[in-house]
Amino acid sequence: MRCQVAIIGGGPSGLLLSQLLHRKGIDTIVLERRSQEYVLSRIRAGVLEWGSVELLREAGVGQRMDAEGFAHDGTYLACRNRGFRIDFAERTGKQVMVYGQTEVTRDLYAARAAEDGKIITEAEGVTIHDAKSDAPHVTYMKDGREHRIDCDYIAGCDGFHGVSRKTIPDNVLKEYERVFPFGWLGVLSETPPVSHELIYAQNRRGFALCSMRNANLSRYYVQCPLTDKVEAWTDAAFWDELKRRIPEEAAETIITGPTLEKSIAPLRSFVAEPMRWGRLFLVGDAAHIVPPTGAKGLNLAFSDVHYLYHGLVQHYDGDDSGIDSYSERALARVWKSERFSWSMTNLLHNFPENTGFELHMQEAELDYLEGSVAAQTALAENYIGLPY
Ligand code: FAD
Ligand code: DHB
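About the thresholds
- Residues numbered from 1 in each chain as written.
- Chains lettered and ligands numbered in written order.
- Predicted model: local features only at pLDDT ≥ 70, side-chain atom pairs only at ≥ 80, totals over all residues.
- Helix = DSSP H or I, 4+ residues; strand = E, 2+ residues; numbered from the N terminus.
- Rg over C-alpha atoms; globule rule 2.2 N^0.38 Å.
- Buried ≥ 20, exposed ≤ 12 C-beta atoms within 10 Å, placed from the backbone.
- Contact = placed C-beta atoms within 7 Å.
- Near = placed C-beta within 6 Å.
- Nonpolar A, V, L, I, M, F, W, Y, C, P; charged D, E, K, R; others polar.
- Domains from an automatic or database assignment.
- Core = buried A, V, L, I, M, F, W, Y, C linked by C-beta atoms within 7 Å.
- Pairing = 2+ DSSP bridges.
- Axes fitted to C-alpha atoms, helices over the stretch in contact; angles between N-to-C directions.
- Parallel < 35°, antiparallel > 145°, perpendicular 65-115°, else oblique.
- Left-handed = near helix turned anticlockwise from the far one by under 90°.
- Arc of directions from axis to C-beta.

A.B. asks: Before we go on, may I ask you to explain the overall build of the protein in this structure?
C.D. replies: Of regular secondary structure, the protein possesses 14 helices and 19 strands. A compact globule built from 388 residues should have a C-alpha radius of gyration of about 21 Å, and the protein, at 21 Å, falls within 12% of that. Taken along its principal axes, the extent of the C-alpha atoms in the protein is 60 × 40 × 40 Å. Taking all 388 residues of the protein together, the buried fraction comes to 47%. Considering only intrachain contacts with a sequence separation of at least 6, the fraction spanning at least 24 residues in the protein is 73%.

A.B. asks: In this structure, what is going on with the site of ligand 1? I would like to understand it.
C.D. replies: Taken together, 32 residues sit near ligand 1, with Gly9, Gly11, Gly159, Gly284 and Gly297 positioned nearest. Elements that contribute at least two residues to the shell around ligand 1 include exactly helix H1 (12-23) and helix H10 (297-316). Across the shell around ligand 1, the residue classes break down as 14 nonpolar, 11 polar and seven charged.

A.B. asks: What should I look at first to understand the site of ligand 2 in this one?
C.D. replies: Taken together, the residues surrounding ligand 2 are Ala45, Gly46, Val47, Leu198, Leu209, Ser211, Arg219, Pro292, Thr293 and Ala295. Of the residues assigned to the shell around ligand 2, the class counts are six nonpolar, three polar and one charged. Residue assignment places the shell around ligand 2 across two domains, with domain 1 (2-82 + 95-177 + 267-345) and domain 2 (178-265 + 349-383) each supplying three or more.

A.B. asks: Before we go on, may I ask you to explain the nonpolar core in this structure?
C.D. replies: A general tendency of soluble globular proteins is for nonpolar side chains to be buried together. The biggest cluster of nonpolar side chains holds 110 residues, and the ones touching the most others in it are Leu17, Ala155 and Val283. Here this core takes nine residues from H10, the largest share from any one element. For this core, the two domains that each supply at least three residues are domain 1 (2-82 + 95-177 + 267-345) and domain 2 (178-265 + 349-383). Not counting chain neighbours up to four residues away, the residues in contact with Ala155 comprise Val5, Ile7, Ile8, Gly14, Leu17, Phe281, Val283 and Leu308.

A.B. asks: What is the right way to look at the environment of Phe207 in this model?
C.D. replies: With respect to the secondary-structure elements, Phe207 resides in the loop between strand S13 (199-201) and strand S14 (208-214). Taking the C-alpha atoms as reference, Phe207 lies 10.0 Å from Phe351; in sequence the two are 144 residues apart. Apart from the residues lying within four places of it in its own chain, the contact partners of Phe207 are Ala201, Gln202, Gln223, Leu348, His349 and Asn350.

A.B. asks: Can you help me understand the sheet that holds strand S7 (residues 96-98) in this one?
C.D. replies: In any sheet, the strands associate via hydrogen bonds between backbone groups, in a parallel or an antiparallel arrangement. Strands sit in the order S3-S7-S4 across an open sheet of three strands; the sheet is antiparallel. Looking along the sheet, the strands with just one partner apiece sit at the ends: strand S3 (47-48) and strand S4 (70-72). As judged from the two bridges shared by S3 and S7, these two strands associate in the antiparallel manner. For Leu48, the partnering residue across the bridge sits in S7 and is Met97.

A.B. asks: Would you mind going over unusual backbone geometry with me for this structure?
C.D. replies: Leaving glycine out, the prevailing phi sign among residues is negative, and the prevailing peptide bond configuration is trans. With an omega dihedral of -5°, the bond running from Glu273 to Pro274 counts as a cis peptide bond. Positioned with a positive phi, Asp143 is a non-glycine residue whose angle comes to about 55°. Structurally, the position occupied by Asp143 is in the loop between strand S10 (137-142) and strand S11 (145-156).

A.B. asks: What should I look at first to understand the packing of H10 against helix H12 (residues 326-348) in this one?
C.D. replies: When two helices pack together, their arrangement is given by the angle between the helix axes and by the axis-to-axis distance. The geometry of H10 relative to H12 is characterised by a closest axis approach of 10 Å and an angle of 165° between their N-to-C directions. Here H10 is positioned roughly antiparallel relative to H12, judged by the angle of their axes. For H10 against H12, the interelement crossing comes out right-handed. Seen from H10, the contacting residues are Leu300, Ser303, Asp304, Tyr307, Leu308 and Gly311; seen from H12, they are Tyr326, Arg329, Ala330, Arg333, Val334 and Ser337. Residue composition of the contact of H10 with H12, grouped by class: six nonpolar, three polar and three charged.

A.B. asks: When you look at helix H14 (residues 373-383) in this model, what are you seeing that I'm missing?
C.D. replies: Along an α-helix, residues three or four apart share an orientation, since each turn contains 3.6 residues. Three or more residues of H14 are buried, namely Gln376, Leu379, Ala380, Asn382 and Tyr383. Down the axis, H14 shows its buried residues gathered within 165° of arc, on one side only. What points out from H14, more than 90 degrees from its buried face, is the exposed set Val373 and Ala374. Packed against the buried residues of H14 are strand S6 (82-87), helix H5 (88-92), S7, H12 and helix H13 (356-371). Of the residues one or two after H14, Gly385 is the one with positive phi, at around 110°.

See the structure below:
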């Protein structure tokens, strides 16, 4: 088989890149290790920056998001039993869209299927060959035999544990990492959200976040030790802990119920440089991870897609400047989102090594944020998404 761009990974970034390129007449094949059902069973991010919203519309997959997503004008930060609001619309003129990653991915799979997009699921042993040459190819196993795809370029959209980044030699790739000493226990519950906007709560017992998927589906998180086992958290224990960390006013009105999903995710900051090696480009979680506190993971994957998509379109029009500057341009935005996610994580979490001093620093910063339009503007412009 042959295509112009072989895409490894059928998560949100691989599918969006495939869909955008297809609409410009550039043919792709997506190789996904898992089944489509498995990919769609993963509950992950919930907040889209406006740039992501516009990119999804440009890809022709915005209809359900526009009909069913919630455009939010602001968010609440809470500390010492009270919340205050950051008004994104007033500070920046922009909003964010609450629409789950699972739904984004479902829409992308549907769009690719409607346009006969080639997605090979359950592709095992994907291997990249000759990425530094002018004639790269990818091999994989499916139905008990080996297949080969020849291509012009390879997009490594295969997440943190994928093969793409590992293909780049150690003496080329530089990795930066910070692993946080706690995780997030997340639940999905078929209950109305406690608040019409998100609540990010700093608390001496640990961070908590109240989010949502729709009018009758809530997503809640509490910071937990990495040693916790998800099976040991009963629903009752989760609701109890959440209520102790959010302002009383919210705790008194929250509607609880059985949980549909419960999982623990570790928190990590990670960046690999460069994001290009020969004809291989790294995109999204394959190149970088942020702790989820700033709602940036999926959005950062989409900004990489934006740069690579435009670079490849330019390339097939005879101009290589976009692909040649891909790594540098993507990384400039990656590091700023890393900084924001790291600072939100530091501001809102209870670190095991924190003394009373660090707690006072967090509380003072939240006090300052509440009273300062300049500080609120800085937070808002990062949260709604820095320009591409
Ligand atoms: P992925 O979504 O990881 O997709 C990569 C795809 O490649 C997967 O489908 C995988 O099966 C496939 N793949 C992997 N290896 C191979 C291979 N060898 N061959 C073929 N295919 C392969 N972000 C937030 O903003 N908020 C959150 O609450 C949040 N929660 C998260 C919870 C978890 C458990 C995780 C892991 C991430 C979370 N994120 C969150 C981050 C966000 O979901 C990611 O940033 C986003 O999924 C990145 O998209 P991607 O397409 O780059 O990678
Ligand atoms: C969600 C996750 C986040 O990490 C975040 O910052 C906001 C919302 C969510 O899953 O809804």
